[in-house]
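Residues per chain, in single letters:
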Amino acid sequence: MTKLVLLRLEGDLASGVRVGLEVGEDGKQPELESPGWLPQQPRLLEYLDYWQRCYRQLPAPTRLRPKQVSYTNSVKSCVQSCLTAADYLKQALSYWLDSRDFRHLKEDLLCELKRNDTVRVLIHTPNALLAQLPWHLWDFFDRYPNTELAFSAPGAQRARPSLAAPPSGRVRVLAILGNSSGIDVATDRALLESMPYADVTFLVEPSRRDISDRLFEQTWDILFFAGHSESSLGTATGDRGRIFINQLESLAIADLKASLDKAVQRGLKLAILNSCNGLGLAQDLRQLNIPQLIVMREPVPDRIAQEFLKYFLSAFSGGTSLYLSVREARQRLGDLESDFPCASWLPVIFQNRAEMPPTWKDLRGESLLGSITPPEANILPPDDTFSHSRQMFSDPDSWHPAIPGNSEWRTISFVHSDALPPKPTPMQDVSQPAASAQPGQPVTPQSAAAPVPLPNPIAPERTAPEYSEPQQEAKPETKLASGVEASAAPLTWLPEEVLPIGDALGFGPVSDQATVKDAIHPGYTGWVLHEGIRWKACLDLPWRQLYLPVEAPVRVLGRLDGTNMLIVAPLDPSLYLPGAADSRDELRAG
């Protein structure tokens, strides 16, 4: 099961950013919605600008505009300056994301996600400068190895292919090899030709008419471009990108709008721009509702462009998801950063939020071919399962913290009648939280020319500990608490990730009294205020019938090891409904 994490960012670094968090199963309505805030941090833009200027002075052949790069400094000096600037930017971003008003959103993520979950993270923002920040450096991505990041546009419209060709079992690729002065695109061509089950059509230094005709007249699954490109970020007319298609011509994305619209109608799913400064190109391309884009955020050295394409195509055509294929390729670029600083920072995904990322099988049409009886001479390898895409129905304008119902807790949506209580599950061994660091304040630069390093980010006052890998040894079967008998009475089950407390499970030390902030009913989870900290909580023995109003006092029985989930019980016995008393004489007090 894939999870979707959506971060809505509205505002800017000068005045602060309002954050909306949504978490749920991919392709379905969110199960949790929570608001947050990132404080103003205008100096972060100075760190970003300083890193960009240092990076663009690196003496390596790139796929920027032809004959545009000059080198004046020594190689060693440029590399060291870039590494120093990258370290300043990373520390500043970490400090910003550890701010107090954003911290509880990270705790929500730790509570909702499991370590081995496959997670797509979408950052939804109309601010182009926020999209330039290296969000992949957020420590959240280190905790979850099956997670990758993408950006989405403010608007989202699902493409409805009306002219798509029937599935053929082959991936149709249009590869445009543009102006290659000073760079090697022959390696790109060889990598594309080696893809399994793919039909690749190459346009080498084509004219505008050649490109337009192919996009209009034929069906493509992937559009690929290799060559020189440039972006003009921050201009008065907005973000603009250009690709250099031959020795004499360059095209803005607007020049190809009609033909790209037709390509999307025919079923185009993915565009890969293996060229420089792709953020400006992506800003224009995503307005055409292309489902997925992969671009390079800065000038990309020739070797890095080739290595990324090799790693990505190998993983994606081998069955890895689109997001995790990009993550794998980006991480492998990290091995080259001794010669090419910040190479792993370059690949970026832009996602049409109304679309689902395709797999290689989806592009081949196997989800449709799987229902057709193949002929005797079947050229397709037999597969046991086929992937099916799903549609997302979320409204991009539906979230607002002031709307009733957008609270910070969720409930399960199903009730089991005439069922037995669920068998408790043995808890896994988990790691303990690390010791907190001493708080500090950043030392900001006096000018953008040479920022001063930041101290370590402020450690959270209290955060949910990170999960460790589950132990492999066998666990004893857990039994129901003594005195609880199987009954045919209507029951409400807890969600799967909430483990009932049983005698064999054990729990943390008994604490003191807490106050309910959102009503918690049997089988539901909510929030309690305990020791000045908001905790997610559930009731002990959820099959006990009771009424628990907001602001009611409860006793904290313990904490599920390795989580920020409290187990609570009401202090007032009158809250139990008549005739539904538990067979035990008193609550377990620890």
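Residues numbered from 1 in each chain as written. Predicted model: local features only at pLDDT ≥ 70, side-chain atom pairs only at ≥ 80, totals over all residues. Heavy atoms only, no water.

A. Layout of the nonpolar core. Core analysis: the largest hydrophobic core is formed by 122 residues, its most contacted members being W51, W96, W135 and F312. With eleven residues, helix 2 (residues 75–97) is the single largest residue contributor to this core. Those residues in contact with W51, other than ones at most four positions away along the chain, are C82, A85, A86, L89, R297, E298, C342 and W345. Formed by 14 residues, the second largest nonpolar core is a distinct cluster that contains A514, V516, A537 and A552. (Core = buried A, V, L, I, M, F, W, Y, C linked by side-chain atoms within 4.5 Å. Buried < 20%, exposed > 50% of the residue type's maximum accessible area, 1.4 Å probe, protein only. Helix = DSSP H or I, 4+ residues; strand = E, 2+ residues; numbered from the N terminus. Contact = heavy atoms within 4.5 Å.)

B. Expanded view of the sheet that holds strand 4 (residues 118–124). Judged by pairing direction, the sheet is mixed, and its eleven strands sit side by side in the order 3-2-1-4-5-14-13-12-8-6-7 without closing on themselves. If you trace the sheet from one side to the other, it starts and ends with strand 3 (32–38) and strand 7 (198–204), each paired once. When strand polarity is set aside, the average angle formed by the axes of neighbouring strands in this sheet is 20 degrees. Across ten bridges, strand 1 (residues 2–12) lies against strand 2 (residues 16–25) in antiparallel orientation. Paired with K3 across the two strands is E25, which belongs to strand 2. Across the sheet, helix 7 (residues 208–217) lies against strand 6 (171–177), strand 7 and strand 8 (222–226), angled at about 155 degrees from strand 7, the strand it touches most. (Pairing = 2+ DSSP bridges. Axes fitted to C-alpha atoms, helices over the stretch in contact; angles between N-to-C directions.)

C. Representation of the packing of helix 1 (residues 43–55) against helix 2 in the model. Where helix 1 meets helix 2, the closest approach of the two axes is 9 Å, and the angle between their N-to-C directions is 155 degrees. One element, helix 1, and the other, helix 2, form an angle in the roughly antiparallel class. With respect to the hand of their crossing, helix 1 and helix 2 are arranged in left-handed fashion. Contacts between helix 1 and helix 2 pair L44, Y47, L48, Y50, W51, C54 and Y55 from the former with S81, C82, A85, A86, Y88, L89, A92, L93 and W96 from the latter. Along the lines of polarity and charge, the residues of the contact of helix 1 with helix 2 split into 15 nonpolar, one polar and no charged. (Parallel < 35°, antiparallel > 145°, perpendicular 65-115°, else oblique. Left-handed = near helix turned anticlockwise from the far one by under 90°. Nonpolar A, V, L, I, M, F, W, Y, C, P; charged D, E, K, R; others polar.)

D. Layout of the sheet that holds strand 16 (residues 525–530). One closed barrel holds the five strands; their spatial order is 15-16-17-19-18, and the pairing between them is mixed. The average undirected angle you get between the axes of adjacent strands in this sheet is 55 degrees.

E. Spatial organisation of unusual backbone geometry. One non-glycine residue, Y197, lies in the positive phi region at around 55 degrees. Assignment of secondary structure puts Y197 in the loop between helix 6 (186–193) and strand 7. Note on Y197: relative accessible area 29%, which makes it partly exposed.

F. Quick peek at the environment of E10. Looking at the element boundaries, E10 is found in strand 1. A residue is classified by how much of its surface remains accessible, and E10, at 39% relative accessible area, is partly exposed. For E10 and P126, which are 116 residues apart along the polypeptide, the C-alpha to C-alpha distance reads 7.3 Å. Setting aside anything within four residues of it in sequence, one finds E10 in contact with G16, V17 and R18. For E10, the side chain forms a polar contact with the side chain of R18, separated by 2.7 Å. (Polar contact = N/O pair within 3.5 Å; in protein donor to acceptor, adjacent residues only side chain to side chain.)

G. Layout of the confidence of the model for the chain. Taken residue by residue, the chain gives an average pLDDT of 74. The fraction at 70 or more is 64%. Every residue in residues 234–239 scores below 50 in pLDDT, and together they form eight contacts with partners more than four places removed in sequence or on other chains. A low-confidence stretch, residues 454–508 stays under pLDDT 50, and its non-local contacts, those more than four residues away or across chains, total 155 contacts. (pLDDT = per-residue confidence, 0-100.)

H. Quick peek at the pattern of salt bridges. By the definition in use, this model includes 16 salt bridges. We note a salt bridge from K28 to E25, for which the minimum N-O separation is 3.4 Å. A salt bridge links R170 to D199; its shortest N-O distance comes to 3.2 Å. Here the residue R170 occupies a position in the loop between strand 5 (147–152) and strand 6, and D199 occupies one in strand 7, the gap between them amounting to 29 residues. R170 gets classed as partly exposed once you look at its relative accessible area, which sits at 27%. (Salt bridge = Lys/Arg side-chain N within 4 Å of Asp/Glu carboxyl O.)

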